[in-house]
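Understanding the architecture of this molecule
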Amino acid sequence: MESFTALSLFYPAYVTGLQKNTGDSGPVVTMGDSYVVAIDFGTAYSGYAFTMTPRGEEIDPFLKRWGKELGLDTPKTPTCILFSEEEEFLNFGYEAKTEYLKMRGEARKHYFFEAFKMALYDVTIKAANGKSMKALKVFTEALRYLKEDALETISANTAGTKFIASDFTWVLTVPAIWDPSAKQFMREAATQAGIVTKGTEDRLVIALEPEAASVWCKKLPAEGFITQNHGGDSLEHSPGTQYIVVDCGGGTIDTTVHEVLDGGALKELHKASGNDLGGQTVDKKFKEFLREIFCHGVWDEYESNYPSEVQKMMYEFTVLKQEDEDVQIICPFNLGSLAQRRQEIEKFFETVQGASWNDGSIKISKQKMKSFFIESLNGIVKSLREILDKDFNIQFILLVGGYAESKILRGHINDQFGDQCKVLCPFRPQEAIVKGAVMFGRNPEVVASRKSAFTYGIAVSEEFDESRHKAEKKFTADGRELCRDIFMKLVEIDENVGWNETRKHIFHPVKADQTAATIRFYNTERKNLKYVDEWGVDDVGSFTVGMPDTREGRARQIRLEIRFGSTEITATATDEASGAKGSIKIDFMTDATSEMEQVPLLLYDS
């Protein structure tokens, strides 16, 4: 009897257990295999797409369109959320922004959060009014809204058929640079939002944003890109092709490197990497420039007293920054009034370069606009150069994400790397991630192999040798001198790991009468080490295996099978004598080195 234990060690996710559901919500339908909802929870904008296409047929994800009430038609809605003075959820997206902008004086009493995705590492998040709320609540309510809206949209497109969350496999996209604790946080928020519940955890897939984009882009024909210079065939029909995907988001810049294999599957050539210099870096530079223009505390007073107007100005800027030309932003009445109390408004522009007053508008030169991009673009170029300097044969750079809409960004990357490889950007680059996430949820094995993000291992014991082991690691069991805390490597950083690859190990108890053993997992960015408590090593989880049948003493065996799935590692532990089950204990959100009583360690059968 075996115990299957999901260890989220690479890119935490659950991609197992797809099955049929025969709940009380309507007719019996084939779930999981066919029904997928993907949520792209972005820093600046969020959205979702879904498919209910039967397995075996071509997937064309249905993408929710937003902003109809405002005369808009966009693939995403702003990632902003509004709570009442009593911290009750009011609205999300365009509706939240519109309601907040109309509040004026009342806005100071409400909790309005915008572009809060990168604040998940904080226990609390500060709202526009300066007050704070627990980060988990903010994220949970945002995901709950997207879940409920998705179910309503699906019902409206299926003749009113009612569905519940457990009828679907859900895919949640995250930046590649996020560490396991951030991914665990998102999983916890998704659970509290009701996307998954106890018993349906396997229906939540956490996908890397650039990887999802790669899955979508590889199927696009030449005419699917703004620059049609990669030939007539789609990438998936060009085995051997190597390319970089750069996900240009609001908060992060994420890159991944793939090679197309025969049949269209993907092989990761370089572990996902990136930085936090996304499009919001440009927005911050713009706001800093406004503070420079409206000096003597004018801007600070305006930002404090009229937060909703500041939000409106920043939204206008996000649209204008897509162009590569001079721009004009209408100066709000209240900002102008505050400025004129200090001095004639034209005088504010006498001490700055790149901006001028133009009959009620702030005019910013094309060159000044480009200066807001410098820090972000330098970060992107640095990341790409590090990859291109390696021994790859990169033929394409694919730019995706909302920030890739910027002509300044696309032009700069083409200027820097156009002579080395072709720079492509799909039409509607903002949609690539969420559509690719739907396809990934349906077919996670599309990425046939990955680079291990870390070196992973477990703690074992071995016979003590004073010439090789630290004296303080020595302990005695059944009259034998043993060494504890030995790091037994399971997989090495940057090692190729195949889809569903399985590795097996046999262990023995250190004591003849031992009735349980703890298998504790660790990761590190180092390749070689001796002990699990060395520098740079993190405890990432454990589970305990019962060994109740002691008749064979130390000769008993525990078989550990490590199966590498699409974005997870599954540990299967079997006590051969009794068939006892084990259970997982992983908590990325707290210090894993708890004061839990340690069960005697295992000996590795070398």
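Residues numbered from 1 in each chain as written. Predicted model: local features only at pLDDT ≥ 70, side-chain atom pairs only at ≥ 80, totals over all residues. Heavy atoms only, no water.

This is how the line gets drawn: UniProt positions are given in the numbering used here, feature names are shortened, and annotations may be inferred rather than shown by experiment.
As annotated in an unreviewed UniProt entry, the protein carries the name Heat shock protein family A (Hsp70) member 12A.2 and is attributed to Lates calcarifer. Recorded in UniProt under Sequence similarities (unreviewed entry), the annotation for the protein is "Belongs to the heat shock protein 70 family."

**Some points on the packing of aromatic side chains**
How two aromatic rings sit relative to each other is set out by the distance from centre to centre and by the angle between their planes. Formally: Paired rings are identified among Phe, Tyr and Trp, the last through its six-membered ring, by centres lying within 6.5 Å, and are further divided according to the angle between planes into stacked (under 30 degrees), edge-to-face (over 60) and tilted (the rest). Strands are runs of DSSP state E lasting at least 2 residues, helices are runs of H or I lasting at least 4, and numbering of each runs from the N terminus. Relative accessibility under 20% of the residue-type maximum defines a buried residue, over 50% an exposed one, and the middle range a partly exposed one, all with a 1.4 Å probe and only protein chains included. Remark: a charge is flagged as sitting over a ring if the NZ atom of Lys or the CZ atom of Arg is within 6 Å of the ring centre and within 35 degrees of the ring normal.
Taken as a whole, this structure holds 27 aromatic pairs when the rule is applied. Arranged with centres 6.2 Å apart and planes meeting at 45°, the rings of Phe89 and Tyr145 form a pair that is tilted. Of this pair, Phe89 sits in strand β7 (residues 89–92) while Tyr145 sits in helix α2 (residues 135–156), and the two are 56 residues apart along the sequence. Tyr145 gets classed as buried once you look at its relative accessible area, which sits at 17%. Among the aromatic side chains, those forming a connected cluster through ring pairs are Phe83, Phe89, Phe92, Phe113 and Tyr145. Over the ring of Tyr531 we find Lys473, and its NZ or CZ is 5.4 Å from the ring centre. Arg484 extends its terminal NZ or CZ atom over the ring of Phe475, reaching a point 4.4 Å from the ring centre.

**Description of the sheet that holds strand β20 (residues 422–424)**
Threshold: Note on pairing: two strands pair once DSSP finds at least 2 bridges between them. Helix axes are fitted only over the stretch in contact, all axes being lines through C-alpha atoms; the angle between N-to-C directions runs from 0 to 180 degrees. Note on contacts: a residue pair is in contact if any heavy atoms of the two residues lie within 4.5 Å.
Spatially, β20-β19-β13-β14-β15-β21-β25 is the arrangement adopted by the 7 strands of the open sheet, whose pairing is mixed. The sheet is open, and its two edges are formed by β20 and β25 (496–498), each paired on a single side. Neighbour to neighbour, the strand axes of the sheet diverge by 25° on average, direction disregarded. As defined by bridge partners, strand β21 (residues 447–451) adjoins β25 across 3 bridges and the pair is classed as antiparallel. Pairing of Ser449 across the sheet is with Gly498, part of β25. Relative to strand β14 (residues 253–260), helix α4 (residues 209–217) is tilted by about 45°, and along the sheet it contacts β13 (242–248), β14, β15 (266–275), β19 (394–400) and β21. In this fold helix α9 (residues 366–388) packs onto β13, β14, β15 and β19, with an angle of close to 160° to the strand it touches most, β13.

**Structural notes on the side chain of Thr153**
By the secondary structure assignment, Thr153 is in helix α2. Discounting chain neighbours no more than four positions away, the residues touching Thr153 are Tyr48, Phe50, Phe62 and Lys64.

**Concerning the packing of helix α1 (residues 94–101) against helix α7 (residues 307–320)**
Two quantities define a packed helix pair, namely the angle between the axes and the distance from one axis to the other. Quick reminder of the rule: In this scheme, roughly parallel covers angles under 35 degrees and roughly antiparallel covers those over 145, while 65 to 115 is roughly perpendicular and the rest are oblique.
Close contact between α1 and α7 brings their axes to 8 Å; oriented N to C, the two are set at 130°. Looking at the two axes, α1 sits oblique to α7. Contacts from Tyr94, Lys97, Tyr100 and Leu101 in α1 reach Pro307, Ser308, Glu309, Gln311, Lys312 and Tyr315 in α7.

**A short note on the pattern of salt bridges**
This is how the line gets drawn: When a carboxyl oxygen of Asp or Glu is within 4 Å of a side-chain nitrogen of Lys or Arg, the pair counts as a salt bridge.
Going through the model one piece at a time under the given rule, you end up with 35 salt bridges. Salt-bridge contacts for Asp324 lead to Lys370; the nearest nitrogen and oxygen are separated by 4.0 Å. Remark: Lys370 occurs in helix α9 and Asp324 occurs in the loop between α7 and β16 (327–330); sequence separation between them is 46 residues. Judged by its relative accessible area of 27%, Asp324 falls in the partly exposed class. A single salt-bridge network, built from bridges that share partners, covers Arg65, Asp73, Arg428, Glu431 and Lys435.

**Examining the sheet that holds strand β6 (residues 80–83)**
Spatially, the 3 strands line up as an open sheet ordered β7-β6-β8, and their pairing is antiparallel. Every interior strand has two partners, whereas the edge strands, β7 and β8 (111–114), have only one. Put simply, the sheet's adjacent strands are angled 15° from each other on average, direction ignored. Pairing between β6 and β7: 3 bridges, direction antiparallel. For Ile81, the partnering residue across the bridge sits in β7 and is Phe92.

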